[in-house]
Amino acid sequence: MSGFDNASYTVRAVSAATTLTANDYVLLCTPTASFAVVLPDPTTIQPGRPYVVRQSLVAGNQVTLDSAGTATIDGAATIVVGAVATIASVRVVSDGTNWFTIA
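Since the model is a prediction, treat every value here as computed from it, not as a measurement.

1. Some words on the overall build of the chain
A tally of regular secondary structure across the chain gives zero helices and nine strands. Taken from N to C terminus, the helices and strands of the chain fall in the order β-β-β-β-β-β-β-β-β. A globule of 103 residues ought to have a C-alpha radius of gyration of about 13 Å, and the chain, at 14 Å, matches this closely. Taken over the C-alpha atoms alone, the chain extends approximately 45 × 35 × 20 Å along its principal axes. Put simply, 59% of the contacts in the chain that link residues at least 6 apart link residues at least 24 apart. Accessible surface, the chain: about 5600 Å² in total, of which carbon and sulfur atoms supply 56%.

Written as C-alpha cells, this is what we have:
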C-alpha cells in the first residue's frame, strides 16, 4: 500500500489577474500588485461547483474576487480576499445563478 489516498486538488499559482476555469480548484495568489480573480459565470457551470482562493502575505497588495456576467458573490459585485498584508483564503460555491462564500 502506498499510503496515498488518491484524493487530490488541482492547484494553480498566480501573481497577476486571472480567470478561473473548469480545471481549477485551489488558486494560490501571490500578488505583486493588487489584482482581480474572475469567477466563471455560474450559469455556465454545474451548481455546487466550489473554488478556493488563497492570498499570500504581501504588503500593500490584495486580491479581489469578481464574477463574470451579472452574478454576485454574497450579493455583492466583488469581494476582497482578506485584508491587505494578510494571509487569507475564501471558498466560494455556485448555486447555478450566483456565488456564495462558505466556511
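The rest of the description comes next.
2. A few points about the sheet that holds strand 4 (residues 35-39)
Reading across from one edge, 2-4-6-7 is the order of the four strands in this open sheet, with mixed pairing throughout. The open sheet terminates on both sides in strands that have one partner only, identified here as strand 2 (18-19) and strand 7 (78-81). With four bridges joining them, strand 6 (residues 63-67) and strand 7 adopt antiparallel strand pairing. Its bridge partner being in strand 7, threonine 64 is matched across the sheet by valine 80.

3. Notes on the environment of asparagine 98
You can see asparagine 98 is positioned in the loop between strand 8 (88-94) and strand 9 (99-102). Taking the C-alpha atoms as reference, asparagine 98 lies 8.4 Å from serine 67; in sequence the two are 31 residues apart. When residues no more than four places from it in sequence are discounted, the contact partners of asparagine 98 are Pro42, Ala71, Thr72 and Val93. For asparagine 98, the side chain forms a polar contact with the main-chain nitrogen of threonine 72, separated by 2.8 Å.

4. Considering the packing of aromatic side chains
Counted according to the given criterion, the structure contains two aromatic pairs. Where tyrosine 9 meets tyrosine 25, the ring centres are 4.6 Å apart and the plane angle is 20°; that geometry is what we call stacked. On the criterion of sequence distance, the pair formed by tyrosine 9 in the segment before strand 1 (11-14) and tyrosine 25 in the loop between strand 2 and strand 3 (26-29) is long-range, its members being 16 residues apart. Arranged with centres 5.7 Å apart and planes meeting at 55°, the rings of tyrosine 51 and tryptophan 99 form a pair that is tilted. In this pair, tyrosine 51 sits in strand 5 (residues 50-55) while tryptophan 99 sits in strand 9, placing the two residues 48 residues apart along the sequence. Tryptophan 99 matches tyrosine 51 in its accessibility class, with the two residues each being buried. One residue, arginine 49, lies across the ring of tyrosine 51, its end atom 4.2 Å from the ring centre.

5. Remarks on the pairing of strand 3
Alignment of strand 1 against strand 3, held across four bridges, turns out to be parallel. For valine 14, the partnering residue across the bridge sits in strand 3 and is cysteine 29. Pairing of strand 3 with strand 5 involves four bridges; the strand directions are parallel. The residue of strand 5 that forms the bridge with leucine 28 is arginine 54.

Rules and cut-offs
Numbers given for residues are sequential positions, taken from 1 along each chain in its written order. Only residues with pLDDT of at least 70 get local features here, since the model is predicted, and only at 80 or more are side-chain atom pairs given and counted; chain-wide, interface and lining totals rely on the full set of residues. Heavy atoms throughout the structure, all of them, feed into the side-chain values; hydrogens and water do not. Elements are defined by DSSP. Helices are runs of H or I of four residues or more, strands are runs of E of two residues or more, and each kind is numbered from the N terminus. The reference for a compact globule is 2.2 Å times residues^0.38; the radius of gyration itself is calculated from the C-alpha atoms. Between two residues, a contact is recorded if the distance between any of their heavy atoms is within 4.5 Å. Accessible areas in this description were obtained via Shrake-Rupley with a 1.4 Å probe; residue shielding takes into account the shown protein chains only. Pairing between strands is defined by DSSP: at least two bridges between the two strands are required. What qualifies as a polar contact is a pair of N or O atoms within 3.5 Å, subject to a donor-acceptor requirement within protein and to the restriction that residues adjacent in sequence count only when both atoms come from side chains. We call Phe, Tyr and Trp rings a pair once their centres come within 6.5 Å, taking the six-membered ring for Trp, and we label the pair stacked below 30 degrees between planes, edge-to-face above 60, and tilted otherwise. For every residue, the accessible area (1.4 Å probe, protein chains only) is compared with the maximum for its type, and the residue is labelled buried under 20%, exposed over 50%, or partly exposed between those bounds. Two limits define a charge over a ring: the Lys NZ or Arg CZ must be within 6 Å of the ring centre, and within 35 degrees of the ring normal.

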